[in-house]
Structure formats: structure tokens, C-alpha cells
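Take a look at the letters that make up each chain.
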Amino acid sequence: MGFRGEALPSIGAVARMVVTARQDGGEASALCVEGGVLDGPSPAAFPGCGARVDVRDLFFATPARLKFLKSARAETMAISDVVRRLAMARADVGFALTSDGRRLFSYKPEPDTAEGRLARLGAIMGRDFEANALQIEAERDGLHLHGFAGVPTFNRGLPDKQFLFVNGRPVRDKLIVGALRGAYADFLARDRHPAAALFLDVPPSLVDVNVHPAKTEVRFRDAGMVRGLIVGALRHALAEAGHRASTTTSDFALGRMRPEGVQTGFLQSVDRLSATHINPYRHQTAGAASAVAEDAAAWPRAGHQAPTAYGADITAPSARSEDFVSNGSANPDGAYGDPYANAEADQSAGSAHPLGAARAQVHETYIVAQTVDGLVIVDQHAAHERLVYERMKASLADRAVERQGLLIPEVVELDAEGAERVAAASAEFAELGLILERFGEDAILVRETPALLGRVDAAGLVRSLADDLAAFGEGFALKERLEEICSTMACHGSIRSGRRLTAPVMNGLLREMEATP
């Protein structure tokens, strides 16, 4: 594993330590070390097989160091974090941590399978993560990546649930932070972070594990290939997940639906209508469904209040049904068609598409669609905005970004290391419309900027790119700035809220959503 055997002697030099061990079929023995003085080994009682390391009075032999320890609570939390990471790395081994006679946690051994590893991750990262995790599996050039990552709607305000394990060892590496940020860039706001636990198996010749004395950092021979493997695997898993959303959001929304505040009359109205108006053709013959359709179509002509598509019987005399739901029965001019007229065709269409068939438009903002076993509600403006945004991004990827030359090239001063990083990535930035040149040892010359950005703070942009390269190994700032402009343009060029849509338009929007990554 790359360890050099320094930890135990170092601990024994500054504390009172007892190591008790027994091999299978052998006798147990104990080794005592106090302040660097060795005593033993000697026979000992030890049930089972394995080893136990007991450390007490840490730094008693070095009082100066003892003064710099943090509080007992802070040190216990640090120890707990280390043990939890070890437990995540080995789901087939049971782990328990006791402090001052109090059991902090205990994890039972799990099967050495994907299900077992997910169960262990759920016990440590939370059951919500277990319920909202996508399985990750990918291989490339001798590298094997597996693990789990949360769906985009299961996100956090801090990147504290992002873990990377290399050849079974937990490591802290900026590589995973940059890879997760790149993979989820189109799904999460910049201040939100996904949860993930990824396990990377690498041939020992391709990774240096002795970069840090605590073995918490590693260095890859080809960091770009490792990052590409992680980003590609995550994006593939997210694409396969499709429209899956987190269960925690759903549970919260359902939990807000309390019966206490609902009027009794409305509940009785729903009960009365449930036999006929709520999805009338699900348990009826085509003849019965057409009879209901004729009855619904006749109501507006008779001057009565028409029932809405699925039984939302609005009885307030001052309210019009079309103020709440736009559909065939509530729209006298028939622009949206009769919701019951093609019941069988609609039902088959709903079963053939993940997002179902459009049934209604609520508040001229939300599209309500019916699937085989559920209900889908779509914000029409947000959906169309995302579709336009994806088309603009694809257009940017297919052709070079248009550039605008600066009348007077701008010189941006950086430190020597920052200037070197930016200059090394100049070819990548040129593809995005930013033309840079090295200008001396500690400066960058900006000659052209992306036309899409208009008037831009070139100095601020270059400094952001330098910071991104130092932190993540990739310049996110320019891509994010371009995508932000695309997003703004998509917002202004999309279907607005408050616009009535016909059934074909709504269904067309649903179909395009299904076909868009």
C-alpha cells in the first residue's frame, strides 16, 4: 500500500501504546511502548484474530506538543472522520469507534458487492444518499472506476460529501473536485455541490502514493486521463438516469400536503367526481368514455360550468374554470381539443413516452402530463429555456467561437506560476475565442476575446482562469461565462409564462425534452 512503517514508531515515541495481535491458530501476544521505551512482546489474552492498537496519554512525553492539541471534541471528530473514510473503503470489514466509553458508531460488515458498498455508504453518508445514488462503472487503459454519485437534484451547499479512494486508500485530491464540477456543470448552480464516493483502481506504476507523509494525497502520471475517465463516467450515468429526481425533494413536497387545511366540501366533491371524472377511461370501455366526452363537450354550450380534465370541479360562482386549467372542456373555442375525444390514442401515447401525454395547462405556466403510472408537471418556460440553451451550446461546439479583437491589447499581470499555467492552456482558450500570449515572466497579453461576451473585464477573466487552473487543473471561468451568456439569451428567447399553448405544442415540448441530454 506504499506505507513505510513510520506511524506506529512515531506514536509509540510520544504516547503509551499497546499493540495486541493474534494470527489464526497462534497465540496472542502484546507489545508495549511508553515514550519510545519498548517492553515485550509478552503473552496476552486476545479473543479472535487480528490486531488491536491501544493508544493513551498522547504526547505525554512531549509536553510542548501537547499544548497545541485542539479540544477533545475537535480531535475526536478528526479521528471519527479518518475511521469513517476507512470504513467506506472496506465495506466487507466491520468498524466501530468508542471514545471515553461511549460508542460513536458501529458499522456491520457488508457483502463485497455493489449493493453492499452502497449500504455501507448509506450508513455513513446518509440514507438519503443511498436512495438517490447512481452507480458509476467505467474502465479505460487499465484504470477501473466504480462507485456512486447522487442525482443532480440531490445536492449540497458544501463539497463535504465528495470522496475519492485510490487502490483502496482514502485520499483528498483536488482532481475529484474539478471532475465533479465539470461533470455536473450543466445540472447545478455554481454554489451547489453533488455528493459522490468514487473508487479508482490504478496500476501502481501509474500513481505515486508517497507524495504526502500522511498518504492523504497522490500524484497520477496522467492526471488528464484520470479526470477524463471520471467526467465521462459521471456524464454517462447522468444521461442514463434521464429524468430521475431525488426522493428527498418528493418526500418534502408530499409531506407539505396536509389534509387539515382542505375544505370538507371540496373533499366531498372529489369523492363524488372520482367515479366519473377522474381519468374516466382508465376502467371504462371506449363507449363509456365517449359518453363522458359528449357530456363534457355539451356543458359549455348549455351555459353550465364545465368539469376540468381530471375532476377539479371548481364551484365558486365568480371563478371561471379557464382561469385555473386550460383544456378542451374549459375552452369554448376548442383550440386545445377535447381531452376525452381520443382517449385510447392518448393513453397509448402516454405509455410510449417517459414524459407522457399533455393533458392540461395550469395557470398558463405549467404543463400537466399523464404517464402510465404517474403525473408529470413541467414549467413550460424553464423547459423551453433549457432546450434553447442546449441548442446554443451545441452550436458553439460545432463551430469556432466568434472573436473580437481589442484595439489595444491588454496586459494582465500575474505571478510567474499563474502566467505559466495560463500560457500552457492558451490553445484550449483559443478554441473558446480567447487569444492569449505570454508577455514576459509574470504577465499575459490578451489580444482577442469571445464576441459573445461583449465588453468584458479581460484582466478579471484571466485572473479567474489562473485561479481555476491552480485549484482544479482546468479553466472553468471562460466556459461558465460563455454558458452564462447562452443561458441569458435562451431565457429571453424562450416560451414565456402566461402564454397559452395548444396540445400539439405542449406534446412537442415534452418530446423534445425526452430527446435532449
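Read on for an overview of the structure. Just so it is clear, the structure is predicted and the values come from calculations on it, not from any experiment. (Residues numbered from 1 in each chain as written. Predicted model: local features only at pLDDT ≥ 70, side-chain atom pairs only at ≥ 80, totals over all residues. Heavy atoms only, no water.)

### Side note on the nonpolar core
Quick note on the threshold: To qualify as a nonpolar core, a set must consist of buried Ala, Val, Leu, Ile, Met, Phe, Trp, Tyr and Cys residues joined through side-chain atoms within 4.5 Å. Exposure classes here rest on a 1.4 Å probe applied to the protein chains alone. A residue is buried below 20% of its type maximum, exposed above 50%, and partly exposed in between. Going along the chain from the N terminus, every DSSP run of H or I of four or more residues is numbered as a helix, and every run of E of two or more is numbered as a strand. Whether two residues are in contact is decided by their heavy atoms: any pair within 4.5 Å suffices.
One finds Phe 129 and Phe 220 to be the most contacted residues of the largest nonpolar core, which totals 56 residues. The biggest single contributor to this core is helix H7 (residues 223-241), with nine residues. Those residues in contact with Phe 129 that lie beyond four places of it in its chain are Leu 118, Leu 121, Phe 148, Ala 149, Gly 150, Phe 154, Ala 195, Ala 196 and Ala 197. Leu 414, Ala 419, Ala 458 and Val 462 belong to the second largest nonpolar core, which has 17 residues in total.

### Considering the packing of helix H3 (residues 72-89) against helix H4 (residues 114-125)
The criterion, for reference: Every angle, taken between N-to-C directions, lies between 0 and 180 degrees, and every axis is a line fitted to C-alpha atoms, over only the stretch in contact when it is a helix. Relative orientations are named as follows: roughly parallel for angles under 35 degrees, roughly antiparallel for angles over 145 degrees, roughly perpendicular for angles from 65 to 115 degrees, and oblique for any other angle. Should the near helix be turned counterclockwise from the far one by less than a right angle, the crossing is left-handed, whereas a clockwise turn marks it as right-handed. For this classification, the nonpolar set comprises Ala, Val, Leu, Ile, Met, Phe, Trp, Tyr, Cys and Pro, the charged set comprises Asp, Glu, Lys and Arg, and every other residue, Gly included, is treated as polar.
Direction vectors running N to C along H3 and H4 enclose 160 degrees, while the axes themselves pass 9 Å from each other. Between H3 and H4, the angle is such that the two are roughly antiparallel. In this structure, H3 meets H4 at a crossing whose hand is left-handed. Together, Arg 84, Ala 87 and Met 88 of H3 and Arg 120, Leu 121, Ile 124 and Met 125 of H4 make up the contact between the two elements. When the residues that make up the contact of H3 with H4 are grouped by side-chain class, the tally is five nonpolar, no polar and two charged.

### Overview of unusual backbone geometry
Not every positive phi belongs to a glycine, and Asn 167 is a case in point at roughly 50 degrees. Take Asn 167: it is sitting in the loop between strand E10 (162-166) and strand E11 (169-171). One non-glycine residue with positive phi stands out, namely Glu 364, at about 50 degrees. Its place among the elements puts Glu 364 in the loop between strand E17 (357-362) and strand E18 (366-370). Owing to a relative accessible area of 22%, Glu 364 belongs among the partly exposed residues under this scheme.

### A word on the packing of helix H6 (residues 174-183) against H7
Each pair of packed helices can be described by the angle between their axes along with the distance between the axes. Interhelical geometry of H6 versus H7 gives an angle of 40 degrees and a closest axis separation of 9 Å. The angle between the axes of H6 and H7 places the two elements in the oblique class. Note on packing geometry: the crossing formed by H6 with H7 is right-handed. Contacts between H6 and H7 involve Leu 175, Gly 178, Ala 179, Leu 180, Gly 182 and Ala 183 from the first element and Ala 223, Val 226, Arg 227, Ile 230, Val 231, Leu 234, Arg 235 and Leu 238 from the second. When its residues are assigned to classes, the contact of H6 with H7 shows ten nonpolar, two polar and two charged.

### Considerations on the sheet that holds strand E1 (residues 16-22)
This is how it is decided: Any two strands with at least two DSSP bridges between them are considered paired.
Pairing within the open sheet is antiparallel, and its four strands lie in the order E3-E2-E1-E4. Every interior strand has two partners, whereas the edge strands, strand E3 (37-43) and strand E4 (50-56), have only one. Across this sheet, the average inter-strand angle for adjacent strands is 15 degrees, counted without regard to direction. Relative to E3, strand E2 (residues 29-34) is paired through five bridges, and the arrangement is antiparallel. Along E3, the bridge assignment pairs Val 33 with Leu 38.

Remember that the coordinates give geometry; whether it matters functionally is a separate question.
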